[in-house]
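# Residue-level structure breakdown
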Amino acid sequence: MLKLVLARTTAMVALLMFTPLVHAQTVSRQQAGAVENQKPAAAPRHDISGIWDPGNNGIQPLGPRAMPDDGKPEHQLPYTPLGLEALNTHKPSNGVRSVLPGETNDPVVYCDPQGIPREDLYELRTTQILQTPLNVIVLYEFGKIWRAVWTDGRDLPKDPEPRWFGYSVGKWEDDYTFVVQTSGMDERTWVDRAGRPHSAELRVEEKFHRVDHDTLELTVTIDDPKMYTKPWVALDKLHFKLQPPNFDVREMICSPTEFAEYNKIIGNPASGKGAQ
Amino acid sequence: MRNKLTTIFLGLLLVSVPLFAHHGAAAYDTDKKTTMKVTVSEWFWANPHCFLKFDVKDDKGNVVHWALESSNPADMVNLGWSKETFKPGDQVTVTFMPVKNGNPVGRIQNVVLANGQTLSARVVF
């Protein structure tokens, strides 16, 4: 009984995340088949493929959903002295440590790639996953970027040339859980929107769990002994709902020219850097 | 029954929403809401934020060029907005948070269109 109530509640909340606050017509969201009193089909084995929508839960404006930078003591991270020093060089344009729009040094605001793990931890939107015999390809809406997770048994490279999105290998922990390990990430990226830092020693673990036919959950753990005294969970079972295979994923692309226009009209005047 | 549940859940969602949108509120006077009846000059549907431009005459009769931002197109579409929501010349009533420094810039909270329809610009997280 409790399970049914919980399932209905989850379905209702998921439904409402797509509902505008006023009675305007929603033009974009295509609902997947499940309605509140229909039990979803069982999870297929070894299959996380599909077009997956986290609703607005993936936007994560204050930092990762399980560890936002909101000033609460339970969300204070176990920084090393180096970690705290690095954090203080990052000037985010949102959250409790926010600076004015014209003062931020958030690389993503200037259209640098998000990289891993930030692609999971900020503006995570409709995500498509494809499985090939040798790898799993993840296609992200924000930045319209993709990454490959190798499933051919290779190890992570030792001493690799850094990449924005690092190097990823993955395997099935059980029939419904795909676990990804990533290393070799470029130090220029921030972990999240709040400006949490990472070093070249960062290891990211992502667990994709196929709960049932229509539901995927993502858990992300950050492990960087140079910046944090212990690993911490950034996303804890973030819920994705399966979309129909003909779903058209929007473009969300950071355009430097659009950003320059925004700064001219809004960002600089808002920061007192001169009126229009 | 479903409508009642909808109202309750919407209420809960509204309560749990952080005050500022995901592009920061440091510049804005978040306690202050200003409402103006304006004639649209331009509507930009673009990342990182959409923005609405209009001109207003001040007390001395000088034209002041205003610009109000909203969230990005992906968010706005989910709230019922589109690149067609405004045309130059549309007469609308807009409610917004002004910037603290007094420049003619702000962030839209909601708009009442010429046809009477109200659109909220507040993204629900």
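Check the entry above for the structure.
Fair warning: this is a prediction, and the values are worked out from it, not measured in the lab. (Residues numbered from 1 in each chain as written. Chains lettered and ligands numbered in written order. Predicted model: local features only at pLDDT ≥ 70, side-chain atom pairs only at ≥ 80, totals over all residues.)

Once that is clear, we can look at helix H4 (residues 256-270) of chain A. Along an α-helix, a turn takes 3.6 residues, which lines up residues three or four apart on a common side. The largest bend in H4 of chain A is about 55°, located at Asn263 of chain A. Here H4 of chain A has its buried residues at Tyr262, Ile265, Ile266, Gly267, Pro269 and Ala270 of chain A. Buried-residue contacts for H4 of chain A involve strand S2 (51-57), strand S3 (63-69) and strand S5 (105-112) of chain B. Just downstream of H4 of chain A lies Gly272 of chain A, where phi reads positive at about 75°. (Bend = angle between axes of the 7 residues up to and from the residue. Helix = DSSP H or I, 4+ residues; strand = E, 2+ residues; numbered from the N terminus. Buried ≥ 20, exposed ≤ 12 C-beta atoms within 10 Å, placed from the backbone. Contact = placed C-beta atoms within 7 Å.)

Once that is clear, we can look at the nonpolar core. With 36 residues, the main nonpolar core has Leu121, Leu216, Leu218, Val220, Ala234 and Leu235 of chain A as its most contacted residues. Within the residue set of this core, elements represented by two or more residues are strand S1 (50-53), helix H2 (81-89), strand S3 (135-140), strand S6 (177-183), strand S7 (203-212), strand S8 (215-223) and strand S9 (232-243) of chain A. With sequence-adjacent residues up to four places away left out, Leu235 of chain A is seen in contact with Pro64, Arg65, Ala66, Asp120, Leu121, Leu218, Thr219 and Val220 of chain A. Listed in part, the 31 residues of the second largest apolar core include Leu100, Tyr262 and Ala270 of chain A together with Trp43 of chain B. (Core = buried A, V, L, I, M, F, W, Y, C linked by C-beta atoms within 7 Å.)

This next bit is on the pairing of S6 of chain A. Residue and element names in this part refer to chain A. Of the pairings in the sheet, the one linking strand S5 (residues 167-174) to S6 comprises 7 bridges and is antiparallel in character. Note on S6: the bridge partner recorded for Gly170 is Val180. Counting the residues that bridge the hairpin from S5 to S6 gives 2 residues. Two strands pair when backbone bridges link them, and S6 and S7 are joined in this way by 6 bridges, in the antiparallel orientation. Across the sheet, the residue bridging to Gln181 is Glu205, located in S7. (Pairing = 2+ DSSP bridges.)

Residue and element names in this part refer to chain B. Looking at chain direction, strand S1 (residues 34-44) and strand S4 (residues 91-98) are connected through 6 bridges and run antiparallel. Looking at S4, one finds that Val38 is bridged to Val92. Counted between consecutive antiparallel strands, the loop separating S1 from S2 contains 6 residues.

Here we come to H2 of chain A. All names here are of chain A. All buried positions along H2 are accounted for by Gly83, Ala86 and Leu87. The buried residues of H2 occupy one face: seen down the axis, they fall within an arc of 105°. Every exposed residue of H2 that faces more than 90 degrees away from the buried side is listed here: Pro81, Leu84, Glu85, Asn88 and Thr89. (Arc of directions from axis to C-beta.)

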